[in-house]
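So the chains spell out like this:
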Amino acid sequence: MSVTAEPTANLDTALAHATRLLATDPALAGEQASEIIKAVGEHPPAVLLLGASHRLRGDFGAALDILRPLAAMHANWAAAQLELGLALVGAKHGSQARAALLRAVGLKPDLPKAWLALGDLLMAMDDAEGADAAYANHVRHSTRDPHMLQAATALCENRLPAAEALLRERLRQTPTDVAAIRMLGEVAVRLGRNEDAENLLSRCLQLAPGFAAARQNYALVLHRANKPGQALAEIDGLLAQDPDNAGYRNLKAVVLCRIGDYAAAIDLYAAILDEYPDHPRIWMSYGHALKTAGHQQLAIDAYRRSLQLDPGCGEVWWSLANLKTLRFSDADLAAMQAELAKPGLADKDRQHLEFAIGKAFEDAADHAASFEHYLRGNTLRRKTLLYDADDTSARVARIRRSYTRGFFAERSGWGAQAADPIFIVGLPRAGSTLLEQILASHSAVEGTMELPEITSITRELRSLGDSNRAMPYHDVVLGMDAGALRELGERYLDHTRIQRKSAAPFFIDKMPNNFLHLGLIHLMLPNAKIIDARRHPLACCFSAFKQHFARGQSFTYGLDDIGRYYHDYVALMAHFDEVLPGRVHRVIYERMVDDTEGEVRRLLDHCGLPFEETCLRFFENERPVRTASSEQVRKPIYREGVDHWRHYETWLGPLKDALGKVLESYPEVPEGIAGEMKNH
């Protein structure tokens, strides 16, 4: 079709016709756009059409050659920014695409196509929170239904009670509205009601099996609910339909790391980064997987690449510090201090940077400056948490009142009789990873990771109890019969099977905080072994104070809090020593350092295992290690860390006061501590 420069009506008609052709024949649409440009010159809408036609044909280089100058010349034209963003997505320029799409929605928020593309891109970039917000905006701006528009607006503005009320009303009127069900699932996720979210999304997919966005949400919820096998099945279903989707592949890598399949996860991350080399968060996740699998230098390289792309990302700086074996250079310290000084730095980045800078000054033996930064980091983190030491003390007292010698005697022989699990408990930074590595070097024992299954079980039991009680799950346990406890033990064994990669008869569950659930563990798995890893209270507590934990461990961000927690832990373990004599084998870290072979032999004896020389050469074990001590346990035991806390003793007064007699008596347990807690 030939086009003349006039009249204007002909130009508008030609543009409209070419625009319609984009959906069915992008090549012909491009030809039409070229004809318009020949006739009237570089008319911006015609140029935009030409760029879009190249994008839709997969010629992203040609599209970008057209769209980059167009978007630069018309910086306030949302359509140009959107089309540029879509072309950049196709060309795998993730960070540039995100910037263009954000410019588009900033100029014109009611662009559902831009929000959807942004959500998909952010999911591929490992930004689930940002993706959720973008998807909510997509719903908000794509619906014409006033009721759904109100609900989507409330969700976007994080007015969750209002969003929930509107969506429930919608579903009362239209029970099969899958968009509303999916949005209500998102509300449940944000409110921390994972079981509700799981049920809603399952219902959504029953009604609409092809609803890919809902299935992606469902897989994420299953992952968060510690159901990795089910999550992988959903992700594999998504990948069968869209094998190149980077968001799906990234989510699969995350779940594979959860079940210890690091080789496959590393391959997935590497493939994603081949396509999207400018995704700093994926480089960070890749670094985490490489570190855990024992590829330290490759992990450092990945972290450094992430910092080249985003030098202000505090989490990556902390990830380097958290290797424990890396020493920051003067240039690293200067770079971190420069980032910390920048106005508008996000609180999360500030927290991580404070801890990382504390480590840099510690390496330089400037302990005063080091402590100041550790203290700042802890103070910032503490403000974001709701931890109350009194609640922990009350919880421990409640446990001790419930689980008595008589209570256990009445239930002797109950539970699942399998002896497979070896639980290692204690406090973080007490040497539990070392014990895990020693035991996992035995031919009959498989090391896994810090398994969340006990926490999942207690959460479900809690939902069955009186929600007005501080610790209702114990009331539920008190009423369980032999069959129910056996089912719990079998459920634990079934759900942890996915973590076991070998035929070894025993496996390790190293979740330190499980010491709070020893009563439940004994009842449902009476033949499991339990090891208590204990370290000098000042060494253990200050080491935790220096640590920025990814999640949990809310008690570690104040010296008084952590001292009280250690005291409560000692008291609770003393109680179990009384009511279940010999049930728990305790390993004192300093004794392990001084007499490694003797302590290893005693540990193996408790587990009913013959001595094997490989347990003394644990540092040669190449298994993945997913804790802050991952690099340290790949080296022989060394004494340097035993008294390292003494460099900071000047500032540890609040910790010493909180520990009280527990500090004075260590490694023995203070007399009378059981009586103190019984009367709490």
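Going by the structure above, here's the rest.
Because the structure is a prediction, the values reported are computed rather than measured.

(A) Spatial organisation of unusual backbone geometry. Of note, the amide linkage connecting Tyr666 to Pro667 takes the cis form, showing an omega dihedral of 5°. Position of Pro667 relative to the elements: it lies in the loop between α35 (661-665) and α36 (673-678). Of note in this structure, Lys92 is not a glycine but carries a positive phi near 70°. Looking at the element boundaries, Lys92 is found in the loop between α5 (78-90) and α6 (94-107). The class for Lys92 is partly exposed, based on a relative accessible area of 27%. Positive phi, normally seen in glycine, also occurs at Arg429, with a value near 70°. Looking at the secondary structure, you find Arg429 in the loop between β1 (421-426) and α25 (432-440).

(B) Summary view of empty space enclosed by the protein. In total, this model carries four cavities of 30 Å³ or more according to the counting rule given. Quantified by volume, the largest cavity comes out at close to 90 Å³. Lining the largest cavity we find Asp132, Tyr135, Ala136, Val139, Leu155, Arg182, Met183, Glu186 and Asn217. Where the lining of the largest cavity is concerned, the elements lending two or more residues are α8 (128-142) and α11 (178-190).

(C) Broad picture of the sheet that holds β1. Read from one edge to the other, the open sheet built from five strands follows the order β2-β3-β1-β4-β5, with strand pairing classed as parallel. Of all strands in the sheet, those bounded by a partner on one side alone are β2 (445-446) and β5 (584-588). Here strand β4 (residues 529-534) pairs with β5 via five bridges, running parallel. Across the sheet, the residue bridging to Ile531 is His585, located in β5. Strands β1 and β3 (506-509) of the sheet are contacted by helix α28 (residues 482-496), whose axis makes an angle of about 95° with β3.

(D) Local environment of the packing of aromatic side chains. What the rule picks out here adds up to 22 aromatic pairs. Both rings, one in Phe371 and one in Phe542, keep their centres 6.4 Å apart while their planes meet at 20°; by these two values the pair is stacked. Of this pair, Phe371 sits in helix α22 (residues 367-383) while Phe542 sits in helix α30 (residues 537-545), placing them 171 residues apart in sequence. We classify Phe371 as buried; its relative accessible area is 7%. A centroid spacing of 5.6 Å and a plane angle of 80° characterise the contact between Tyr403 and Phe407, whose relative ring orientation is edge-to-face. You'll find Tyr403 and Phe407 in the same group, each marked buried. Here the aromatic cluster, defined as three or more aromatic residues joined through ring pairs, consists of Trp318, Phe355, Phe371, Tyr374, Phe542, Phe545, Tyr557, Tyr648 and Trp651. Across the ring face of Tyr135, the terminal group of Arg182 is positioned such that the distance to the ring centre comes to 5.5 Å. The lysine or arginine in question, Arg535, covers the ring of Tyr589, its NZ or CZ lying 5.4 Å from the ring centre.

The rules behind each value
Residues numbered from 1 in each chain as written. Predicted model: local features only at pLDDT ≥ 70, side-chain atom pairs only at ≥ 80, totals over all residues. Heavy atoms only, no water. Helix = DSSP H or I, 4+ residues; strand = E, 2+ residues; numbered from the N terminus. Buried < 20%, exposed > 50% of the residue type's maximum accessible area, 1.4 Å probe, protein only. 1 Å grid on protein atoms, 1.4 Å probe; cavity = no way out; pocket = protein on both sides within 12 Å on 5 of 7 lines; lining within 4 Å. Points joined across faces, edges and corners; volume = space filled by probe spheres on them. Pairing = 2+ DSSP bridges. Contact = heavy atoms within 4.5 Å. Axes fitted to C-alpha atoms, helices over the stretch in contact; angles between N-to-C directions. Phe/Tyr/Trp six-rings, centres within 6.5 Å; stacked < 30°, edge-to-face > 60°. Lys NZ or Arg CZ within 6 Å of the ring centre and 35° of its normal.

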